[in-house]
Amino acid sequence: MTVFHGPAPGGTVLEEPGPDNGERARTSRPGQGRAVRFLVTLAVLWVCYTVLQRLISGRWWVMLAPDLLPPVTFLLVPVLLTAAAGVLALRRNGRRGRGAGVAVASGAEEGSDTSGSVVPASAGTPASGSVTGSGLRGRTAPGRRPRGTALLLVCCLALVSAVVSWPRNGIRLSALTHQGSSATGDLRVVSWNTTWWGQDVDTDRFWATLRAQRADVYLLQEYVHGIDYRQENLRPVDDLARIGREFPGYHVVSRGELITLSRFPVTGYELVGPGGAIADRPDAPWLEVYRAVKTLRVDIRVNGRPLSLYNVHIPVQIDPGPHLVSPSFFGMLRERQRTRTAQFEGLEAELREQRRRGAAAVVAGDFNSSPVMGEMDELRATLRDAADSGGGLYPRTWNELVPVLGLWRLDWAFSTGAVTVDGYRLDDMNSLSDHRAQILEVSL
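These figures come from a predicted structure and were not determined experimentally.

Parameters at a glance
Along each chain, the written sequence defines residue order, and numbers are assigned to residues from 1. With the structure being a predicted model, the display of local features is reserved for residues of pLDDT at least 70 and the display and counting of side-chain atom pairs for 80 or more, all residues being used for whole-chain, interface and lining totals. Side-chain calculation: all heavy atoms of the structure are included, whereas hydrogens and water are not. Strands here are runs of E lasting at least two residues and helices are runs of H or I lasting at least four, both read from the DSSP assignment and numbered beginning at the N terminus. Each residue's exposure class comes from its accessible area (1.4 Å probe, protein chains only) as a fraction of the maximum for that residue type: buried when under 20%, exposed when over 50%, partly exposed otherwise. It only takes one pair of heavy atoms within 4.5 Å for two residues to be counted as in contact. Per-residue and other accessible areas follow the Shrake-Rupley method at a 1.4 Å probe size, with only the shown protein chains counted as cover for residues. A carboxyl oxygen of Asp or Glu within 4 Å of a side-chain nitrogen of Lys or Arg is what we treat as a salt bridge. Being paired, for any two strands, means DSSP has found at least two bridges between them. Paired rings are identified among Phe, Tyr and Trp, the last through its six-membered ring, by centres lying within 6.5 Å, and are further divided according to the angle between planes into stacked (under 30 degrees), edge-to-face (over 60) and tilted (the rest). As a reminder, the over-ring test applies to NZ of lysine and CZ of arginine, requiring each to be within 6 Å of the ring centre and within 35 degrees of the ring normal. Note on terminology: disulfide denotes any pair of cysteine sulfur atoms within 2.5 Å.

Asker: Could you give an account of the overall build of the protein, naming the residues involved and the relevant values?
Answerer: In terms of regular secondary structure, the protein is built from 11 helices and 16 strands. Each of the 444 residues in the protein was classed as buried or not, and the buried ones make up 46%. Pairs at least 24 residues apart make up 75% of the contacts formed inside the protein by residues separated by at least 6 positions. When the accessible surface of the protein is split by element, carbon and sulfur atoms take 59% of a total near 21,400 Å².

Structure, rendered in structure tokens:
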């Protein structure tokens, strides 16, 4: 750094930046500025998306596609935005510290002669080292303060998005304070999507895995063979004789793809939602029954006390078949939204009536809906989530066959009325299905 000693016009001291410092500042700042602007843009877009998602998810069919995001994304993105802002802030402060150190060193060198003695300043003029150091400290580099404000804005936006989307991220903080109960409850309930009733796995292993749960109630979905997106190939299953041998003394209620087994006496059953339209049509075509019946209510008595069991399988949000790569993709989304909404509304109306009467009920099954999806909002707000009694910090039930994709909770269990869930856990069921089973210990 070159410093001119002695008086200058107006009593000022002139200084010129050295080539190393000036060149570094000119080459580094534009790149950092672009990074800060990109980060601010990303944070603004993410906040806008999270707010919009909270408002319209479950109400507009278009959201069925973006709602496929893993729930944990709504926590990871704010964390990553904050971390990126922190890194940029540290780099910015590091450059500022290095610049101040170079300035002080340069001032010290200019204030000494070649023999090592200090050259005094002119009367009334500070030493060159003081002028240089104070001059650099007194100036703010162009864009430095705005960039610091921008990074703070990124952190604030990340916090806002995390708060707005907290119900969507799938995290159950209750798991941190839950105390495991040694109580076995009045009954054990198992809810499991069997993936086409074990059609692609060893049959004996399938039945042995079911028996090993020693449940009092089984709420099972996909009591059917075939492939869903080729519904013309679906066919009903008749395993009642095998069920009788494997679970002697159990009561069995089945309609469409839903089957409920209970060790306790059954006092009645009802088809909920759109399925109610065919309740009085025992001769309805099986495929029509399959498409309509997605909630089966079975009433039982447990030691003299009534309990309603809701076996649920909401249609999948996106047809995994040929629609994915055809012009009919958006039409498929609209149709899926229509059928799913009808099923959710039917179940919600039924449960509102149950709550009004104060009836005890357990609702469980494959809802094909993650915490991201607005369709689950009413159920989550008005019922007690069994995952509050276990299941881990981030419960996930799908995809069990591809562990790297095991980021979603599609299977849910709820209770209402005089029901206490003493324990809740998820079981991989020996990887016989792409869904984990839900195991509930229930007291009345």
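Asker: How would you summarise the pattern of salt bridges if you had to cite specific residues and measurements?
Answerer: Per the counting criterion, the structure on display carries 21 salt bridges. For the salt bridge of Arg-211 with Glu-246, the shortest nitrogen-to-oxygen distance reads 2.3 Å. Linking Arg-211 in helix 7 (residues 203-212) with Glu-246 in helix 8 (residues 240-246), this pair joins segments that are 35 residues apart in sequence. A residue is classified by how much of its surface remains accessible, and Arg-211, at 37% relative accessible area, is partly exposed.

Asker: Tell me about the pairing of strand 10 (residues 295-302), and please be specific about residues and values.
Answerer: Most of strand 10 sits inside the fold, with seven of its eight residues counted as buried. Of the strand pairs in this sheet, strand 10 and strand 11 (residues 305-313) are connected by eight bridges, and their pairing is antiparallel. Within the sheet, the bridge partner assigned to Leu-296 lies in strand 11 and is Asn-311. Count of turn residues in the strand 10/strand 11 antiparallel hairpin: two residues, of which Asn-303 carries a positive phi of about 55°.

Asker: Please set out the packing of aromatic side chains residue by residue, giving values where relevant.
Answerer: In this structure the tally under the stated criterion is 17 aromatic pairs. Note on Phe-329 and Phe-330: the rings are 5.4 Å apart at their centroids and 75° apart in plane angle, and the pair reads as edge-to-face. Under the relative-accessibility criterion, Phe-329 is labelled buried at 17%. Ring centres 5.8 Å apart and planes at 65° place the aromatic pair Trp-398 and Trp-408 in the edge-to-face group. With Trp-398 in the loop between strand 13 (384-385) and strand 14 (411-416) and Trp-408 in the loop between strand 13 and strand 14, the pair connects residues that are 10 residues apart, well separated along the chain. Looking at Trp-398, the relative accessible area reads 23%, which means it is partly exposed. Among the residues examined, Trp-408 registers a relative accessible area of 15% and is labelled buried. Through a chain of ring-to-ring contacts, the aromatic side chains of Trp-192, Trp-197, Phe-206, Trp-207 and Tyr-223 assemble into a single cluster. Taking the ring centre of Trp-61 as reference, the NZ or CZ of Arg-334 above it sits at 5.0 Å. When the ring centre of Trp-412 is taken as origin, the NZ or CZ atom of Arg-409, which lies over that ring, is 3.9 Å away.

Asker: Give me the lowdown on the environment of Thr-339, citing residues and values where you can.
Answerer: In this fold, Thr-339 is placed in helix 10 (residues 329-357). Separated by 22 residues in sequence, Thr-339 and Gln-317 have C-alpha atoms that sit 9.5 Å apart.

Asker: With reference to specific residues and values, describe the state of the cysteines.
Answerer: Per the stated rule, a full pass over the model turns up zero disulfides. Cys-155 carries a free sulfur, and the closest cysteine sulfur to it, the one in Cys-156, is 6.9 Å from it.

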